[in-house]
Amino acid sequence: MLRFTIRRLAQLALVVVVLSMLLFAWLRMLPGGPVSALLGDRATPEARARLEADLGLDQPIFVQYWRFLGRAITGDFGTSTGVQRGSPALEVFLTRFPATLELSILALLLAVVVGIPLGYLAARKRGSWLDNVSITWSLIGVAVPVFFLAFLLKFVFAIQLGALPASGRQDVGLNATRVTGFYILDGLLTREFDAAWNSFVHLILPAIALSTIPFAVIFRITRAAVLDVMDEDYVRTARAKGLTGMVIRRRHILHNAMLPVVTTIGLQTGALLAGAVLTERVFNIAGVGQAVAIGFQRKDFPVLQVVILASAMVYVLVNLIVDLSYALIDPRLRTR
């Protein structure tokens, strides 16, 4: 297991290095280069030369990359020029990241808690009304764009019915204590349960909208995997040996069917981060997705650097955890 973990960590480091090269190349390919991106097209030649010297752009390319890598390791990505003008780009990201992570975790929990049991039941009752309704529901979840569903949920449940909040992470007048930036967790830690509940209620509609695609994918993978495993020889042998249905389902069917589902959950993490861009815009949540949208509008490349690099690292780390859990579920994979 240790050798497997070290091998995966080495692959993770390689991915991060390749990503840093791509990010470095992207910055050099910007129209007019990083200097025009920071100063604009009307900057004087003297100002451009001064900034090029400050950024080390007059140095050989490998020296520039080495300096870029050094700044990235120390968290120096420059200051924001659009999202939160004048603030360090890393600080902008860290301030907004808890909102996106809180939303993504709740959306993923919804997708997993509903998708896996429903996929299993649909496979067991193949061809029944439950199976047909579940498949149709999952197809709707994939086909309907996230931003349209978000607008629809907001219009019906927030504006027409007034049952749930329409925007934000908490009511404006709520004087809640901030500890970690995760509003629900902060409310629980400080025993301000009304604040925690208020934050949870604000997340319901965005989380439902964001969870539709991961739910559909997890449901369909679970259903297909369970159907495959139920036809295996060892399951029929277990039934012939007289094992109870509970033992067969837990030990033989679910255990083996979960392997592709675990991988799918890890891959869907990236889709959640991408979907958060649209969801946060619709519900006016000050998260990383909203920062990305504003960053592209206002050409805030320092913030975009941090978001791209950090999002990719989160995605890689989640998939590392998935790989490790995969190896725990199926020990044969540790030797591959």
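Let me sum up the structure you'll find in this document.

Further remarks concern the overall build of the protein chain. Within the protein chain, the regular secondary structure consists of 13 helices and zero strands. Secondary structure elements of the protein chain occur, N-terminal to C-terminal, as α-α-α-α-α-α-α-α-α-α-α-α-α. When the backbone C-alpha atoms are referred to their principal axes, the protein chain occupies close to 85 × 55 × 40 Å. Buried positions account for 43% of the 336 residues belonging to the protein chain. The long-range fraction of contacts in the protein chain, counting pairs at least 24 apart against all pairs at least 6 apart in sequence, stands at 70%. For the protein chain, the exposed surface amounts to about 18,100 Å²; the carbon and sulfur share of it is 66%. Across the protein chain, the mean location of the 32 positive side-chain charges is 9 Å away from that of the 21 negative side-chain charges.

This part covers the pattern of salt bridges. This structure, assessed with the given rule, holds three salt bridges. Between Arg169 and Glu102 there is a salt bridge whose closest N-O contact spans 2.9 Å. With Arg169 in the loop between helix H7 (146-160) and helix H8 (183-189) and Glu102 in helix H5 (residues 89-124), this residue pair connects regions lying 67 residues apart in the sequence. Considered together, Arg169 and Glu102 belong to a single accessibility category, that of buried residues. When the shortest N-O distance is used, the salt bridge between Arg236 and Asp233 registers 2.4 Å. With Arg236 and Asp233 both in helix H10 (residues 233-240) and three residues apart, the pair spans about one turn of that helix.

Another aspect to go through is the packing of H5 against helix H12 (residues 288-298). At their nearest, the axes of H5 and H12 sit 7 Å apart, and the two run at 125° to each other. As the angle between them shows, H5 and H12 are arranged oblique. For the pair formed by H5 and H12, the contact residues are Phe93, Arg96, Phe97 and Thr100 on the first element and Val288, Gly289, Gln290 and Ala291 on the second. Of the residues in the contact of H5 with H12, the class split is four nonpolar, three polar and one charged.

Between helix H6 (residues 129-143) and helix H9 (residues 193-230), whose axes approach to 8 Å, the crossing angle comes to 140°. It follows from the interaxial angle that H6 and H9 lie oblique. Remark: the crossing between H6 and H9 carries left-handed chirality. Contacts between H6 and H9 involve Asp131, Ser134, Ile135, Trp137, Ser138, Leu139, Gly141 and Val142 from the first element and Thr212, Ile213, Phe215, Ala216, Phe219, Arg220 and Arg223 from the second. Partitioned by chemical class, the residues of the contact of H6 with H9 number eight nonpolar, four polar and three charged.

Turning to H7, a few remarks are in order. For H7, built from 15 residues, the straight-helix expectation of 21 Å at 1.5 Å per residue is met to within 8% by its first-to-last C-alpha distance of 20 Å. For H7, the principal kink sits at Lys154 and spans about 25°. Taken together, the buried positions of H7 are occupied by Val146, Leu149, Ala150, Leu153, Lys154 and Ala158. Just downstream of H7, Gly162 is the residue with a positive phi angle, here 65°.

The full count for this structure, using the stated rule, is five aromatic pairs. Between the aromatic rings of Phe24 and Tyr65, the centroid separation amounts to 5.4 Å while the plane-to-plane angle is 75°, which identifies the pairing as edge-to-face. Residue Phe24 is found in helix H1 (residues 2-28), and its partner Tyr65 is found in helix H4 (residues 61-73); the two are separated by 41 residues along the sequence. Of the two residues, Phe24 and Tyr65, neither departs from the other in class, the shared state being buried. The ring of Tyr183 has Arg178 sitting right over it, with the charged end atom 3.8 Å from the ring centre.

Compared with an ideal rise of 1.5 Å per residue, which puts 13 residues at 18 Å, H4 spans 18 Å between its outermost C-alpha atoms and is within 8% of the ideal. For H4, every residue scored as buried is listed here: Gln64, Tyr65, Phe68 and Ala72. Along H4, the residues classed as buried sweep out an arc of 100° about the axis, all on the same side. Exposed side of H4, more than 90 degrees from the buried face: Phe62, Trp66 and Ile73 are the residues found there. Phi turns positive one or two residues past the end of H4, at Gly75, with a value near 80°.

With that settled, the discussion passes to the side chain of Ser80. With respect to the helices and strands, the residue Ser80 is situated in the loop between H4 and H5. On the basis of relative accessible area, Ser80 is assigned to the buried category, the value being 2%. Separated by 3.3 Å, the side chain of Ser80 and the backbone nitrogen of Val83 make a polar contact. Not counting residues up to four positions away in its chain, the partners in contact with Ser80 are Arg85, Gly86, Ser87, Ala89, Val92, Asp300 and Val303.

Cut-off values and rules
Residues numbered from 1 in each chain as written. Predicted model: local features only at pLDDT ≥ 70, side-chain atom pairs only at ≥ 80, totals over all residues. Heavy atoms only, no water. Helix = DSSP H or I, 4+ residues; strand = E, 2+ residues; numbered from the N terminus. Buried < 20%, exposed > 50% of the residue type's maximum accessible area, 1.4 Å probe, protein only. Contact = heavy atoms within 4.5 Å. Areas by Shrake-Rupley, 256 points an atom, 1.4 Å probe, with all protein chains shown as cover. Lys, Arg positive; Asp, Glu negative; His and termini not counted. Charge placed at Lys NZ, Arg CZ, Asp CG, Glu CD. Salt bridge = Lys/Arg side-chain N within 4 Å of Asp/Glu carboxyl O. Axes fitted to C-alpha atoms, helices over the stretch in contact; angles between N-to-C directions. Parallel < 35°, antiparallel > 145°, perpendicular 65-115°, else oblique. Nonpolar A, V, L, I, M, F, W, Y, C, P; charged D, E, K, R; others polar. Left-handed = near helix turned anticlockwise from the far one by under 90°. Expected span 1.5 Å × (residues − 1). Bend = angle between axes of the 7 residues up to and from the residue. Phe/Tyr/Trp six-rings, centres within 6.5 Å; stacked < 30°, edge-to-face > 60°. Lys NZ or Arg CZ within 6 Å of the ring centre and 35° of its normal. Arc of directions from axis to C-beta. Polar contact = N/O pair within 3.5 Å; in protein donor to acceptor, adjacent residues only side chain to side chain.

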